[in-house]
Protein chains: 2
Amino acid sequence: MAAAIALSRRGRGLSTPNPNVGCLIVHDGRVVGRGWTQKGGRPHAEAQALDQAMEQARGATAYVTLEPCFHLSPRGPRCADLLSRAGVARVVIALRDPDPRTNGQGAAWLRDRGVAVDMGLMADEAAAAMAGFVLRQTLGRPHVTLKLGLSLDGRIALANGASRWITGPQARAHAHLERARHDAILVGGGTLRADAPRLDVRLPGLADRTPRRLLLTRGSTPDGWDRVGAPGAIAALDRVDHLLVEGGAGAAAAFLHADLVDRLLLYRAPILIGDGLAGIGDIGLGDLAQAHGRWRLTDDRTLGVDRLEVYERVRSA
Amino acid sequence: MAAAIALSRRGRGLSTPNPNVGCLIVHDGRVVGRGWTQKGGRPHAEAQALDQAMEQARGATAYVTLEPCFHLSPRGPRCADLLSRAGVARVVIALRDPDPRTNGQGAAWLRDRGVAVDMGLMADEAAAAMAGFVLRQTLGRPHVTLKLGLSLDGRIALANGASRWITGPQARAHAHLERARHDAILVGGGTLRADAPRLDVRLPGLADRTPRRLLLTRGSTPDGWDRVGAPGAIAALDRVDHLLVEGGAGAAAAFLHADLVDRLLLYRAPILIGDGLAGIGDIGLGDLAQAHGRWRLTDDRTLGVDRLEVYERVRSA
């Protein structure tokens, strides 16, 4: 299942409007098929993995990160049907599909056709890998990551606005890879005017993965940008399950103030700036006690001389 | 030698006016004596280790982090003499003593009396453990550590000044242990007025290790505090080899601006504050390129939910 979850991550930022599912088919201890939801949502992970497995799917075990779909669609076959027709003996599912059109019916369909079904293996890990889809189903909005490139003392630029460069080439390459994993990137009006960021993915082979560009503004937007009037408006964005907020301090503060940030990506350079621009503006914090218990460190790595820390928002269920 | 260096750290913040030397005596593969420079500088590490070893010092190997002293003092015996009289067969030294009254003469005295001498083993590590003594000898000033307790976004307090607490109990206990390793602690006038810090060591068994309290001010100082008029004035402080600067933003900036900070202790809590007080004021940075290449991460640990990062100033020799 861990391998299926790793496959699912490949579709992140690419598979909308469908969830980024991963699927692994194993026959007699050998992997015979691997799939993940492709660009635009088709083919589904199961269909791709079954295509690879061909005859060897018969009697095999399929590991799927999300319950196979049951509902009819003009865009393609139902995966629950595909798996049973291929003669798969057992389907191991991480996460039950919260979509009411499937929600348990995919598993029931398989069981009715004599396929063994286990559900719940590594469900938390699978949910984290498909966080955008899960939040869309549960809270009705995209998963939001806030990215900051900081000095040790929390500055994103000198007082004169100079910010190139705080972090080094490895950290910047990692940030570009993160862009490719998101459906859309958002910046505030101040950042657009000051930096005119391209927000593209400048990595070999990934240039076509450049996400949609969003501007947080009450005014108008230039060509090539879509307008977001307020943080809460992201719920209405079509085909955006994973949103990356890249700055500046005003946009970061607006999303934090609205408690709409699920993940922090902090790239920290080993430099001190002193007086300069802060990464985050007013988030409406009245008391230090309120600030605690909200963020949990989930990843921590060295990128050249810089450090990356990833924090996730702790939300009680 | 690594064990002798660990012993030497026990005397840090305690041994002035003498260097915090460590000494280990090994006979036939067994440790027969351990010593470190005691409070106020006497007895020396070698004298203490020889006292423990007694007869077993004869034919043994002594590991010393600093060349044994050669100069005559009314305060105690010369360690080079003590070691040769005790019949030690070999002395392994990390660092040559830069004090001109010894500087090579301790080793020469030993060799003249038939003792084998090796010098230079783990010299860098020993110099780091005795950084205050080394800087006093080379730059004529104490070793300076700047401590900051920060949020993820680099704030040391809310906009209203509230700073209790940003970090948790484990991080605060560690910060108290660091106090015990310093001869003096310095804060700025703003911090004294706002927080009235006690700057004592509130750890079981270490309450008597509370360092001297210094105030960075052009004005007068309250009882129990000594005045430092400007960062450069620390060179004239008597019996201060290791100085801890604890804040606030003005004092931190003054020492950084003067390039008088050798080590950063960054305690970082997993919280966001947004608008608030920055840890470091204007350090006179005109260009981002100047900020790079100055700090190297040397330690990194988790303290409860907080993180400690230690950076050291990279100075070309």
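Parameters and conventions
- Residues numbered from 1 in each chain as written.
- Chains lettered and ligands numbered in written order.
- Predicted model: local features only at pLDDT ≥ 70, side-chain atom pairs only at ≥ 80, totals over all residues.
- Heavy atoms only, no water.
- Helix = DSSP H or I, 4+ residues; strand = E, 2+ residues; numbered from the N terminus.
- Rg over C-alpha atoms; globule rule 2.2 N^0.38 Å.
- Buried < 20%, exposed > 50% of the residue type's maximum accessible area, 1.4 Å probe, protein only.
- Contact = heavy atoms within 4.5 Å.
- Areas by Shrake-Rupley, 256 points an atom, 1.4 Å probe, with all protein chains shown as cover.
- Core = buried A, V, L, I, M, F, W, Y, C linked by side-chain atoms within 4.5 Å.
- Domains from an automatic or database assignment.
- Buried area = accessible area lost by both parts, 1.4 Å probe.
- Salt bridge = Lys/Arg side-chain N within 4 Å of Asp/Glu carboxyl O.
- Polar contact = N/O pair within 3.5 Å; in protein donor to acceptor, adjacent residues only side chain to side chain.
- Pairing = 2+ DSSP bridges.
- Axes fitted to C-alpha atoms, helices over the stretch in contact; angles between N-to-C directions.
- Least-squares fit on C-alpha atoms with pLDDT ≥ 70 in both.
- UniProt positions renumbered as here; feature names shortened; annotations may be inferred.
- Phe/Tyr/Trp six-rings, centres within 6.5 Å; stacked < 30°, edge-to-face > 60°.
- Lys NZ or Arg CZ within 6 Å of the ring centre and 35° of its normal.

Participant: Looking at this structure, how should I read the overall build of chain A?
Facilitator: A count of helices and strands for chain A gives 10 helices and 15 strands. A compact globule built from 317 residues should have a C-alpha radius of gyration of about 20 Å, and chain A, at 21 Å, falls within 12% of that. Its C-alpha atoms give chain A principal-axis dimensions of about 65 × 45 × 40 Å. Within chain A, the fraction of its 317 residues that count as buried is 56%. Taking contacts inside chain A between residues at least 6 apart in sequence as the whole, the part at least 24 apart equals 71%. As displayed, chain A has an accessible area near 13,400 Å², and 50% of this comes from carbon and sulfur atoms.

Participant: Whenever I open this one, the nonpolar core confuses me. Can you help?
Facilitator: Proteins that are soluble and globular tend to have nonpolar side chains buried together. Formed by 41 residues in total, the largest nonpolar core has its most connected members in Ile25(A) and Val91(A). The biggest single contributor to this core is strand β4 (residues 90-95) of chain A, with five residues. Excluding residues that lie within four positions of it along the chain, Val91(A) makes contacts with Ala62(A), Val64(A), Pro68(A), Leu83(A), Leu110(A), Val115(A), Ala116(A), Val117(A) and Asp118(A). Membership of the second largest hydrophobic core comes to 40 residues, among which are Ala62(B), Leu66(B), Ala107(B) and Val134(B).

Participant: Would you mind showing me how to read the domain arrangement of chain A here?
Facilitator: A common way to state how big an interface is: give the accessible area lost once the parts meet. Residues and elements named next belong to chain A. According to the domain assignment, chain A consists of domain 1 (1-136) and domain 2 (141-313). Between the C-alpha centres of domain 1 and domain 2 there is a distance of 32 Å. Every contact between the two is made by 14 residues of domain 1 and, on the other side, 17 residues of domain 2. Across the domain 1/domain 2 interface, buried area totals approximately 1,400 Å², and carbon plus sulfur atoms make up 44% of it. For the pair domain 1 and domain 2, the interface holds one salt bridge. Note that Arg-136 is salt-bridged to Asp-241, the shortest N-O span being 3.4 Å. At the boundary of domain 1 and domain 2, one finds nine residue pairs in polar contact (both at pLDDT 80 or more).

Participant: Which parts of the structure should I look at to understand the sheet that holds strand β2 (residues 30-36) of chain A?
Facilitator: Strand-to-strand pairing in sheets goes through backbone hydrogen bonds, with the strands running parallel or antiparallel. Residue and element names in this part refer to chain A. Taken in spatial order, the five strands of this open sheet run β2-β1-β3-β4-β5, and their pairing is mixed. The open sheet terminates on both sides in strands that have one partner only, identified here as β2 and β5 (116-119). Each adjacent strand pair in this sheet contributes to an overall mean axis angle of 15°, direction not counted. By the bridge criterion, four bridges tie β4 to β5 in an arrangement that is parallel.

Participant: Got a minute to help me understand the relation of the copies chain A and chain B in this structure?
Facilitator: Mapping between the two copies of the chain is achieved by a rotation about an axis and a shift along the axis. Overlaying chain A with chain B gives an RMSD of 0.1 Å, the required rotation being 180° about an axis along which the chain moves by 0.0 Å. In symmetry terms, the pair is related by a two-fold rotation axis. The rotation axis passes nearest to the C-alpha of Gly154(A) in chain A, at a distance of 2.1 Å. A share of 100% of interface residues in chain A that are also interface residues in chain B marks the association as one of identical surfaces.

Participant: Please explain the interface of chain A and chain B as it appears in this structure.
Facilitator: At the junction of the two partners, chain A supplies 39 residues and chain B supplies 39 residues. The contact between chain A and chain B buries some 3,200 Å² in all, and 62% of this surface belongs to carbon and sulfur atoms. Contact with chain B buries area across many residues of chain A, yet Leu152(A), Leu272(A) and Leu288(A) alone supply 21% of it, more than any other trio. Where chain A meets chain B, there are four salt bridges. The residue Asp300(A) makes a salt bridge to Arg307(B) at a minimum N-O spacing of 2.9 Å. Summed over the shared surface of chain A and chain B, the result is eight residue pairs in polar contact (both at pLDDT 80 or more). Of all the elements in the fold, those that place two or more residues in the side of chain A that touches chain B are β7 (155-158), β12 (263-268), α10 (288-291), β14 (295-303) and β15 (306-313) of chain A.

Participant: Where do I start with the environment of Gly120(A) in this structure?
Facilitator: Residues and elements named next belong to chain A. Tracing the backbone shows Gly-120 in the loop between β5 and α5 (123-129). Taking the C-alpha atoms as reference points, Gly-120 and Val-92, separated by 28 residues in sequence, lie 8.2 Å from one another. With residues up to four places along the chain from it excluded, the contact list for Gly-120 reads Ile-93 and Ala-94.

Participant: What am I meant to see in the sheet that holds strand β14 (residues 295-303) of chain B here?
Facilitator: Residues and elements named next belong to chain B. Within the open sheet, the eight strands sit side by side as β10-β9-β8-β11-β6-β12-β15-β14. Their pairing is mixed. Both edges of this open sheet fall to β10 (226-228) and β14, since each of them pairs with a single strand only. Recorded for the sheet is a direction-independent mean angle of 25° between the axes of neighbouring strands. When β14 meets strand β15 (residues 306-313), the two strands line up antiparallel, connected through eight bridges. Each bridged residue has a counterpart across the sheet, and for Arg-296 the counterpart in β15 is Glu-312.

Participant: Before we go on, may I ask you to explain the UniProt feature "binding site: NADP(+)" (unreviewed entry) in chain A in this structure?
Facilitator: Residues and elements named next belong to chain A. Within this structure's numbering, the places UniProt gives as "binding site: NADP(+)" (unreviewed entry) are Gly-149, Trp-165, Thr-191, Asp-195, Leu-199, Gly-248, Ala-249, Gly-250, Ala-251, Ala-252, Ala-253 and Ala-254. An extended arrangement is adopted by the annotated residues: their sequence extent is 106 residues, and the largest C-alpha distance between any two is 24.9 Å. Those residues in contact with Gly-149 that sit more than four places away from it in its chain are Arg-155, Ile-156, Ile-166, Thr-167 and Tyr-267. With respect to the element layout, Gly-248 can be found in the loop between β11 (242-247) and α9 (249-257). Those residues within four positions of Gly-248 in sequence are excluded, and the remaining contacts are Gly-188, Thr-191 and Gly-279.

Participant: How do you make sense of the packing of aromatic side chains when you look at a structure like this?
Facilitator: The description of two aromatic rings rests on the distance between their centres and on the angle between their planes. In this structure the tally under the stated criterion is two aromatic pairs over all chains. Over the ring of Trp109(B) we find Arg113(B); its NZ or CZ atom is 3.5 Å from the centre of that ring.

Participant: Can you walk me through the side chain of Thr217(B) in this structure?
Facilitator: Residues and elements named next belong to chain B. For Thr-217, the position within the fold is in the loop between β9 (212-216) and β10. Note on Thr-217: relative accessible area 18%, which makes it buried. Side-chain polar atoms of Thr-217 contact the backbone nitrogen of Gly-219, separated by 2.9 Å. Excluding residues within four positions of it along the chain, Thr-217 makes contact with Arg-227, Val-228 and Gly-229.

Participant: Sorry if this is basic, but what is going on with unusual backbone geometry here?
Facilitator: The amide bond that connects Thr16(A) to the next residue, Pro17(A), takes the cis arrangement and shows omega of 10°. Structurally, Pro17(A) can be placed in the loop between α1 (2-9) and β1 (22-27). Going from Gly247(B) to Gly248(B), the amide bond is cis rather than trans, its omega being 0°. Of note, the phi angle at Asp259(A) is positive, near 50°, even though the residue is not glycine. Tracing the backbone through its elements, the reader meets Asp259(A) in the loop between α9 and β12. Even without a glycine there, the phi angle at Met122(B) is positive, about 55°. By the element assignment, Met122(B) lies in the loop between β5 (116-119) and α5 (123-129). Classification of Met122(B) by relative accessible area gives partly exposed; the value is 29%.

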